[in-house]
Amino acid sequence: MSDDNPPRMGFFTDTSVCIGCKACEVACKEWNAIPDDGLSLLGMSYDNTGMLGADTWRHVAFIEQDKPLGRQNNAVIAMPTGATATHASAEAVHEGLGQKHGSELGTETGAIRPGPLPGGPMPAPVTPDGRKELRWLMASDVCKHCTHAACLDVCPTGSLLRTEFGTVIVQEDICNGCGYCVPACPYGVIDQRKDDGRVWKCTMCYDRLTAGQEPACAKACPTDSIQYGVLDDLRERAAHRVENLHDAGVLEARLYGADPDDGVGGAGAFFLLLDEPEVYGFPPDPVVTTRDLPRTWKHTALAAVGVAATVAAAFLGARR
Amino acid sequence: MSASEQHGSEVRRDGLHGTAPGREARIGARGGRKAGRGGEMVPPAEFRSYYGRSVLKAPVWESRDIAGYFFLGGVAGGSALLAAGADLTGRIGLRRSTRVAAVAATGLSLAALIHDLGRPGRFVHMLRVLKPSSPMSVGTWILSGFAPLVAVAALDEARERLPGPVRPMIAALGRPSGLAATVLAPAVTTYTGALIADTAVPVWHDARRELPYLFGASALAASGGLAAATSAPGEAAPARVVGIAGALVEQACDRAVHKRLGMVAEPLSQGRAGRYLTAARWSTRAGAALLALSALRRSRALDIAGGTALVAGSLFARLGYFHAGATSATEPRYTVVPQRERADHAAKTGAGG
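Calculation rules
- Residues numbered from 1 in each chain as written.
- Chains lettered and ligands numbered in written order.
- Predicted model: local features only at pLDDT ≥ 70, side-chain atom pairs only at ≥ 80, totals over all residues.
- Helix = DSSP H or I, 4+ residues; strand = E, 2+ residues; numbered from the N terminus.
- Buried ≥ 20, exposed ≤ 12 C-beta atoms within 10 Å, placed from the backbone.
- Contact = placed C-beta atoms within 7 Å.
- UniProt positions renumbered as here; feature names shortened; annotations may be inferred.
- Core = buried A, V, L, I, M, F, W, Y, C linked by C-beta atoms within 7 Å.
- Domains from an automatic or database assignment.
- Pairing = 2+ DSSP bridges.
- Axes fitted to C-alpha atoms, helices over the stretch in contact; angles between N-to-C directions.
- Nonpolar A, V, L, I, M, F, W, Y, C, P; charged D, E, K, R; others polar.
- Expected span 1.5 Å × (residues − 1).
- Parallel < 35°, antiparallel > 145°, perpendicular 65-115°, else oblique.
- Left-handed = near helix turned anticlockwise from the far one by under 90°.
- pLDDT = per-residue confidence, 0-100.
- Bend = angle between axes of the 7 residues up to and from the residue.

## A word on the overall build of chain B
Reasoning step 1: Of regular secondary structure, chain B possesses 11 helices and zero strands.
Reasoning step 2: Its helices and strands in sequence order give chain B the pattern α-α-α-α-α-α-α-α-α-α-α, from N to C terminus.
Reasoning step 3: When burial is assessed residue by residue, chain B has 58% of its 353 residues classed as buried.
Reasoning step 4: Put simply, 75% of the contacts in chain B that link residues at least 6 apart link residues at least 24 apart.

Spelled out as structure tokens, the structure:
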């Protein structure tokens, strides 16, 4: 790349501050004029888009787990369940607020000490299936804009290309809908729009980037869970964030896609996750398929020689 | 129980704790077997996923179009090679049937390929670029060079029916075209193996070493069988040999895939793909046996029966591998389990533990 290109831009999606509002999904749909692809209740917590696809370029995943988040002691375990206007709940609140009574917000007193209620038995599980704790993971998924992008490599028309920002986009006037990129993507991102025949995916709002704007999803994100910027800066910021979370006791915090030495050469859109990638629907160790292509070509050529030799031998042998 | 809660997926709504929906009975079906890679045991069947949904997108290709295109491409390439051999050794009947088979299969395979495009009218966009990183691009160029050559060679067979002025030109070009086609024909039979191997689909990508050989051999079985079935028993000897050799190598490659892929090979023996591949196996074996018998007896009936069985076997094999690939992409297990194992292994060995 020449020096007058802008630096490589990217997304850092910090799922630890995602609140699952789906503003990113809506902003993406609106800005890119993506057609409706159904709004259904999937029985997957609050997820009603399911996965990325031709018409879903941001997808917010929701995962409910019976685990505490870091050192957080889930308040529900300490609170009496059932009706709130009871003596027991008043006791619990009084205990929590301590000296300051109701004059300050409970969260600011720092006095809440969750634990077993004084004198009482352990509270009943909060749900019928026995959960006592709950953490709710939310993550906004998006095209990874890989350094080594399989979709781009396998595209036979040159419709998929890399922009000056280091992102990967589809040129819709070129795509002929061969569908090769669809199974080639190790993340299952790109997909074919059925009534249209062509493939579609996140462009990182290429049109906005060229005008110096940030992508619609990042602009709309109210908690800065989606951060847009120069990829190198984002990686640095993300490493700090992981350190901070580890210090705060959230030891399960980890980066996904930030390592330039991984199977896709590092993702242009990477994530901070609070559990293993597969829990969010990500592949644990994705590899760009074309990494193995040179060796596959060698086998293909060898096989072709074998085919020709077999036929030649058949005629020579049968000649007599 | 507690182990399954630790490692299992988080699906709780309908009581699923350890596994993806509907998967329980299958897990560990091949438990006694050793996985190919480094001889470790079969990886743990338990894995975590996002509500049991697929990680990858399954191919959007129609099996009729694309598996059919792989099969027809094999017939086309193998037939072109047989036609050249028949031409050089003076087997006129064999030459005629294989030249016709080559052009018909090439035409149909191109039609299937174009029909499967989301925008068939934009087929020519394939010829904007030549990308070695895209087997589909390379293959389209190979086919584009191959098709006119086999077409001219086939026209040579219909020389008498051509208008007078073109006749001498076709007569002069027939043999050179047929021989030139043999440069591309072997690649026509094997590149489709590279095409599907160059995806993230677990069965296809993991079988990348065997697929070009398997597809090349399958092409030989189909084209040898077709040629044996459509030519006189006196001329069919090379076709029988090609068909039998293809059948044997195809079986060996199929077995190698099953062995080396470990749990990822499961979709090859389950469901629709399993049924196709079982049919392919028996059809191919029967075809090879019948053609071997015919090599001794020189029987037209045996040639037709054996040849047809080999053609069917090749078609079933392509359909089987096609559907197995689609299944392995749809079920998160085949993506997550091997990758999790690899990631855990890397974490253990690298980065100081």
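There is more to say after this.
## Comments concerning the overall build of chain A
Reasoning step 1: Along the backbone of chain A there are 10 helices and 10 strands.
Reasoning step 2: The 320 residues of chain A split such that 43% are buried.
Reasoning step 3: Sequence separation of at least 24 residues holds for 65% of the intrachain contacts in chain A that already meet a minimum separation of 6.

## What about the UniProt feature "binding site: [4Fe-4S] cluster 4" (unreviewed entry) in chain A?
Reasoning step 1: Under the feature "binding site: [4Fe-4S] cluster 4" (unreviewed entry), the UniProt entry names C155, C175, C178 and C181 of chain A. These residues run over 27 residues, yet every pair of their C-alpha atoms falls within 10.7 Å of each other.
Reasoning step 2: Those residues in contact with C155 of chain A that lie beyond four places of it in its chain are L160, Y180 and C181 of chain A together with S134 of chain B.
Reasoning step 3: You can see C178 of chain A is positioned in the loop between β5 (168–170) and α6 (181–184).
Reasoning step 4: Ignoring anything within four residues of it in the chain, the contact list for C178 of chain A reads P156 of chain A together with L117 and M136 of chain B.

## Observations concerning the nonpolar core
Reasoning step 1: If you look at the biggest cluster of nonpolar residues, it comprises 190 residues, and the most contacted ones within it are C151, C181 and C185 of chain A together with V150 of chain B.
Reasoning step 2: Top element by residues in this core is helix α2 (residues 63–88) of chain B. It accounts for 14 residues.
Reasoning step 3: Split by domain, the residues of this core number at least three in each of domain 1 (9–66 + 138–287) and domain 3 (289–320) of chain A.
Reasoning step 4: The residues contacting V150 of chain B, other than those within four sequence positions of it, are A76, A80, A102, V103, T106 and A181 of chain B.

## What to know about the environment of K298 of chain A
Reasoning step 1: Its place among the elements puts K298 of chain A in helix α10 (residues 293–319).
Reasoning step 2: With 263 residues separating them along the chain, K298 of chain A and P35 of chain A place their C-alpha atoms 43 Å apart.

## A word on the UniProt feature "transmembrane region" (unreviewed entry) in chain B
All names here are of chain B.
Reasoning step 1: If you check UniProt for "transmembrane region" (unreviewed entry), the listed places come out as residues 66–88 and 100–118 in our numbering.
Reasoning step 2: Strand forms 0% of residues 66–88 and helix 100%; the C-alpha atoms that close the span are 33 Å apart.
Reasoning step 3: Overall, residues 100–118 shows 84% helix and 0% strand. The separation of its end C-alpha atoms is 30 Å.

## Some remarks on the sheet that holds strand β8 (residues 226–230) of chain A
Residue and element names in this part refer to chain A.
Reasoning step 1: Taken together, four strands build an open sheet; the order of strands is β8-β1-β10-β9 and the sheet is mixed. Bordering the open sheet on either side are β8 and β9 (254–256), each of which pairs with just one other strand. Geometrically, the sheet is characterised by an average inter-axis angle of 25° between neighbouring strands, direction not taken into account.
Reasoning step 2: Where β9 lies against strand β10 (residues 269–273), three bridges are found, and the strand directions are antiparallel. Bridging across to β10, L255 finds its partner in L272.

## Re the pairing of β10 of chain A
All names here are of chain A.
Reasoning step 1: Among the five residues in β10, five count as buried, and that is most of the element.
Reasoning step 2: Residues A269, F271 and L273 point to one face of β10 and F270 and L272 to the other, with burial holding for every one of them.
Reasoning step 3: Bridging between strand β1 (residues 9–14) and β10 involves four bridges; their strand directions are parallel. Paired with T13 across the strands is F271, a residue of β10.

## Considerations on unusual backbone geometry
All names here are of chain A.
Reasoning step 1: Non-glycine residue H145 carries a positive phi angle of around 45°.
Reasoning step 2: Mapping H145 onto the fold places it in the loop between β3 (135–142) and α5 (150–154).
Reasoning step 3: Phi at M204 is positive, roughly 50°, even though this residue is not glycine.
Reasoning step 4: Along the chain, M204 turns up in the loop between β7 (199–200) and α7 (206–210).
Reasoning step 5: The class for M204 is buried, based on 28 C-beta atoms found within 10 Å.

## Quick look at the interface of chain A and chain B
The accessible area lost on association of the parts is a frequent measure of interface size.
Reasoning step 1: In this assembly, 61 residues from chain A lie in contact with 68 residues from chain B.
Reasoning step 2: Among the elements of the structure, β2 (58–65), α5, α6, β6 (191–192) and α10 of chain A are those that each provide at least two residues to the side of chain A that touches chain B.
Reasoning step 3: Taken together, the residues of the side of chain A that touches chain B break down into 31 nonpolar, 20 polar and 10 charged.

## Topic: helix α9 (residues 271–297) of chain B
Residue and element names in this part refer to chain B.
Reasoning step 1: With 27 residues, α9 should cover 39 Å at 1.5 Å per step; its first-to-last C-alpha distance of 39 Å lies within 8% of that length.
Reasoning step 2: Contacts from the buried residues of α9 go to α7 (211–230), α8 (237–261) and α10 (300–330).
Reasoning step 3: Positive backbone phi, approximately 55°, marks R298, located one or two places after α9.

## Comments concerning the packing of α2 of chain B against helix α3 (residues 92–115) of chain B
Residue and element names in this part refer to chain B.
Reasoning step 1: Running from N to C, α2 and α3 cross one another at 155°; their axes reach a closest spacing of 7 Å. Overall, the two elements α2 and α3 adopt an arrangement that is roughly antiparallel. In the crossing of α2 with α3, the sense of the turn from one axis to the other is left-handed.
Reasoning step 2: Per-class residue counts for the contact of α2 with α3 are 15 nonpolar, seven polar and four charged.

## Overview of the confidence of the model for chain B
All names here are of chain B.
Reasoning step 1: With 86% of its residues at a pLDDT of at least 70, chain B reaches an overall mean of 88.
Reasoning step 2: Across chain B, α7 holds the top mean pLDDT of 98, while helix α1 (residues 2–7) sits lowest at 40.
Reasoning step 3: Here residues 1–43 scores under 50 on pLDDT; set against residues more than four positions off or in separate chains, the count is 64 contacts.
Reasoning step 4: Predicted complex metrics record ipTM = 0.86 and pTM = 0.85.

## A closer look at the UniProt feature "binding site: [4Fe-4S] cluster 2" (unreviewed entry) in chain A
All names here are of chain A.
Reasoning step 1: Under the local residue numbering, the UniProt record ascribes the feature "binding site: [4Fe-4S] cluster 2" (unreviewed entry) to C28, C202, C205 and C217. On the basis of their most widely separated C-alpha atoms, the annotated residues across 190 residues gather in one place, lying no more than 10.6 Å apart.
Reasoning step 2: Topologically, C28 is positioned in helix α1 (residues 23–32).
Reasoning step 3: Those residues in contact with C28, other than ones at most four positions away along the chain, are I34, W57, R58, A216 and C217.

## A word on helix α5 (residues 167–197) of chain B
Reasoning step 1: The end-to-end C-alpha separation of α5 of chain B is 44 Å, in line with the 45 Å expected for 31 residues at 1.5 Å each.
Reasoning step 2: Of all the bends in α5 of chain B, the greatest reaches close to 45° and is centred on V183 of chain B; the proline P186 of chain B follows between one and four positions later.

## A look at the packing of α3 of chain B against α7 of chain B
All names here are of chain B.
Reasoning step 1: It is the contact of α3 with α7, at a shortest axis distance of 9 Å, that shows an interaxial angle of 130°. Here α3 is positioned oblique relative to α7, judged by the angle of their axes. The two elements α3 and α7 meet at a crossing, and its hand is right-handed. Contact residues: α3 offers L94, S97, T98 and A101, while α7 offers L226, A227 and T230.
Reasoning step 2: Looking at side-chain class alone, the contact of α3 with α7 contains four nonpolar, three polar and no charged residues.

## Topic: the confidence of the model for chain A
Residues and elements named next belong to chain A.
Reasoning step 1: When pLDDT is averaged along chain A, the result is 85; 78% of the residues meet or exceed 70.
Reasoning step 2: Every residue in residues 79–83 scores below 50 in pLDDT, and together they form 10 contacts with partners more than four places removed in sequence or on other chains.
Reasoning step 3: Across residues 104–117, where pLDDT falls below 50, the model places 21 contacts with residues more than four positions away in sequence or in other chains.

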